[in-house]
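Analysis of the macromolecular model
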Amino acid sequence: MFKLNAQMQRMKQKRGLLIEVGVVVAIALSLITIMPLVLSEFRLNLLGRFLSLAIVALGIDLIWGYTGLLSLGHGIFFGLGGYAIAMYLKLQVPTGELPDFMGLYGVTELPAFWQPFYSFPLTIAAVILIPGLLAGLLGYLVFRNRLKGVYFSILTQAGTIVFFNFFNGQQKLFNGTNGLIDFTTLFGATVSDTKTQFVFYTLTVVFLAATYGICRWLTSGRFGRLLIAIRDDESRVRFSGYDPTDFKVLVFGVSGAIAGIAGAFYTVQSGSVSPRAMDIAFSIEMVIWVAVGGRATLIGAIVGTLLVNYARTFLSEQFAEIWLFFQGALFLIVVTVLPDGIVGWLRRQNLSFFKGPQEIVTYPALEEDIEVQHERENIRN
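Each value, and the rule that gives it
- Residues numbered from 1 in each chain as written.
- Predicted model: local features only at pLDDT ≥ 70, side-chain atom pairs only at ≥ 80, totals over all residues.
- Heavy atoms only, no water.
- Helix = DSSP H or I, 4+ residues; strand = E, 2+ residues; numbered from the N terminus.
- Buried < 20%, exposed > 50% of the residue type's maximum accessible area, 1.4 Å probe, protein only.
- Areas by Shrake-Rupley, 256 points an atom, 1.4 Å probe, with all protein chains shown as cover.
- Expected span 1.5 Å × (residues − 1).
- Arc of directions from axis to C-beta.
- Patch = residues over 30% accessible without salt bridge, like charges linked within 9 Å, V, L, I, M, F, W, Y side chains within 5 Å.
- Salt bridge = Lys/Arg side-chain N within 4 Å of Asp/Glu carboxyl O.
- Phe/Tyr/Trp six-rings, centres within 6.5 Å; stacked < 30°, edge-to-face > 60°.
- Lys NZ or Arg CZ within 6 Å of the ring centre and 35° of its normal.
- Contact = heavy atoms within 4.5 Å.
- Axes fitted to C-alpha atoms, helices over the stretch in contact; angles between N-to-C directions.
- Parallel < 35°, antiparallel > 145°, perpendicular 65-115°, else oblique.
- Left-handed = near helix turned anticlockwise from the far one by under 90°.
- Nonpolar A, V, L, I, M, F, W, Y, C, P; charged D, E, K, R; others polar.
- Core = buried A, V, L, I, M, F, W, Y, C linked by side-chain atoms within 4.5 Å.
- pLDDT = per-residue confidence, 0-100.
- Polar contact = N/O pair within 3.5 Å; in protein donor to acceptor, adjacent residues only side chain to side chain.

1. Things to note about the overall build of the chain
Scanning the chain from terminus to terminus reveals 18 helices and 4 strands. Taken over 381 residues, the chain has a buried fraction of 42%. Here the chain has roughly 20400 Å² of accessible surface; of this, 64% comes from carbon and sulfur atoms.

Take a look at the structure:
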């Protein structure tokens, strides 16, 4: 009986996984094939940028929703990914020439740390590794001292101030406040061309789906249960023989790498990157997206990002003078009426599409444990 129940449970999980994969693929294909026919060139580019922001929102949901680490400095990793790809694009100039802004400040020789960005493979590696390794290093320094909660949030927010001021004050190296703009070509194609932008949009959709799959994989199984255990009771995890530091460093590094990828896609579609990406307000906005959609849901991070950004765009176009009041009202409603976010509320309504994986509890009841029931039946027999 126990084996039969276990087999049925595994079959149910596999069937649910196949349905979820099918839904994700169907949505991705519809975004790639249908949206370009419905939306104008400007609106499609806007959607592509919002989808790239949804990638970083997934990374925040991974560390905040599932691991309980509220980062208020993810703009650092987002901006680093954007600057990495922008440096490569600014080097698409004739041999011997420098990026245009350097001549304005009297720079006569390309700085040494710009040299690797002549290579596209090294640039892609930098987009992923620099934010990921920086997040891992920052996480190690913080988590090994067992700092968490509000202290961790304050430290990440302080990091945004450091990086914002650094990039903002480097006119000769990064064009200061203006940032890196005016990208011309990529592999011989004009960056601003409609066809090139559609390629960027398609890649954004593909990477968003892939990132969702990675986060879904990380948050399922034993690793996912351990993350939730760290979120709910880190002391008990230590008592059980696990070192939460290693797991938190790993998941924070992965989240930083995801943010770097998102920053790169946003930069190529927006046509610029500046220190504003590392501003405190922008990092807080990222957290709000996840809160609106629903923490620890993954799909909620995507829904919240699209909803908030489209609401901001619509309201700013229709009500230019008072749209901030509408945005503030939206956040207040979510916090007071929908504390679990939109997707969390829908799940409580028992809607099958939004149910998602079964909730994992840190302290399961013995009466509901299948193995305990099996042992009791054997004892009676």
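Still to come is the rest of the account.
2. A word on helix α12 (residues 244-270)
Taking 1.5 Å as the rise per residue, α12 with 27 residues should run 39 Å; its terminal C-alpha atoms sit 38 Å apart, in good agreement. In terms of burial, α12 is a largely internal element, 21 of the 27 residues being buried. Backbone geometry just downstream of α12 places G271 in the positive-phi region, at approximately 85°.

3. Observations regarding helix α15 (residues 323-337)
Since there are 3.6 residues in each turn of an α-helix, residues three or four apart along the chain are aligned in direction. A rise of 1.5 Å per residue sets the reference length of α15, with its 15 residues, at 21 Å; its end C-alpha atoms lie 21 Å apart and thus fit the reference within 8%. Buried within α15 are the following residues: W323, Q327, F331 and V334. The buried residues of α15 occupy an angular sector of 85° when projected down its axis, which confines them to one face. Exposed residues on α15 whose side chains face more than 90 degrees from its buried face are F325, L332, T336 and V337.

4. Looking at a nonpolar patch on the surface
Residues L147, V150, Y151, I154 and L155 make up a contiguous nonpolar surface patch of roughly 480 Å² in combined accessible area. L147 sits in the partly exposed class, given a relative accessible area of 31%.

5. Quick look at the packing of aromatic side chains
All told, the structure shown has 21 aromatic pairs when counted by the stated rule. Seen from their ring centres, F120 and F187 are 4.9 Å apart, and the 70° between their planes marks the pair as edge-to-face. Note that F120 is positioned in helix α6 (residues 120-143) and F187 in the loop between β2 (185-186) and β3 (189-190), a separation of 67 residues in sequence. Judged by relative accessible area, which is 27%, F120 ranks as partly exposed. For F187, a relative accessible area of 60% translates into the label exposed. One aromatic cluster is present, built from ring pairs that chain together Y83, F113, F166, F167 and F174. Cation over ring: R295 sits above W64, and NZ or CZ is 4.7 Å from the ring centre.

6. Considering the side chain of N45
Take N45: it is sitting in helix α3 (residues 41-65). Using a relative accessible area of 17% as the deciding quantity, one classes N45 as buried. Once residues within four sequence positions are removed from consideration, N45 is found in contact with Q197 and Q269.

7. Observations regarding the packing of α6 against α12
Where α6 contacts α12, the two axes come as close as 7 Å, and the packing angle between them is 150°. The orientation of α6 with respect to α12, classified from their angle, is roughly antiparallel. The two elements α6 and α12 meet at a crossing, and its hand is right-handed. Each of V127, I128, P131, G132, A135, G136, L138, G139, Y140 and F143 in α6 lies in contact with α12, whose residues at this interface are T245, K248, V249, F252, G253, G256, A257, G260, I261 and A264. Across the contact of α6 with α12, the residue classes tally to 12 nonpolar, 7 polar and 1 charged.

8. Focus: the nonpolar core
Counting 85 residues, the largest nonpolar core has L58, F78, W114, L180 and W289 as its most contacted members. In terms of residue count, the dominant contributor to this core is α3 (15 residues). Those residues in contact with W114 that sit more than four places away from it in its chain are M87, K90, L91, P99, F101, M102, L173 and L180.

9. Describing unusual backbone geometry
Phi is positive for N175, which is not a glycine, with a value near 65°. Along the chain, N175 falls in the loop between α8 (171-174) and β1 (180-181). Non-glycine residue F187 carries a positive phi angle of around 55°.

10. Structural notes on the confidence of the model for the chain
Across the chain, pLDDT averages 88, with 89% of residues at or above 70. Taken element by element, the predicted model of the chain shows its lowest mean pLDDT in helix α17 (residues 352-355) (52) and its highest in helix α4 (residues 74-90) (97). A low-confidence stretch, residues 358-364 (pLDDT under 50), is modelled with 7 contacts involving residues beyond four sequence positions or located in other chains.

11. Re the environment of S119
For S119, the position within the fold is in the loop between α5 (100-104) and α6. Judged by its relative accessible area of 25%, S119 falls in the partly exposed class. Taking C-alpha positions, S119 is 7.5 Å from Y88, a pair spaced 31 residues apart along the chain. Among the polar contacts listed, one links the side chain of S119 to the backbone nitrogen of L122, at a separation of 3.4 Å.

12. With respect to the pattern of salt bridges
On inspection of all chains with the given rule, the structure shows 9 salt bridges. Notably, a salt bridge pairs R238 with D243, separated by 3.6 Å at the nearest N-O pair. A residue is classified by how much of its surface remains accessible, and R238, at 23% relative accessible area, is partly exposed. The class for D243 is partly exposed, based on a relative accessible area of 34%. Residues joined by salt bridges that share partners form a network here, namely K148, E234, R238, D243 and K248.

13. Quick word on the environment of V162
In this structure, V162 sits in helix α7 (residues 150-168). With 86 residues separating them in the primary sequence, V162 and I76 have C-alpha atoms 9.5 Å apart.

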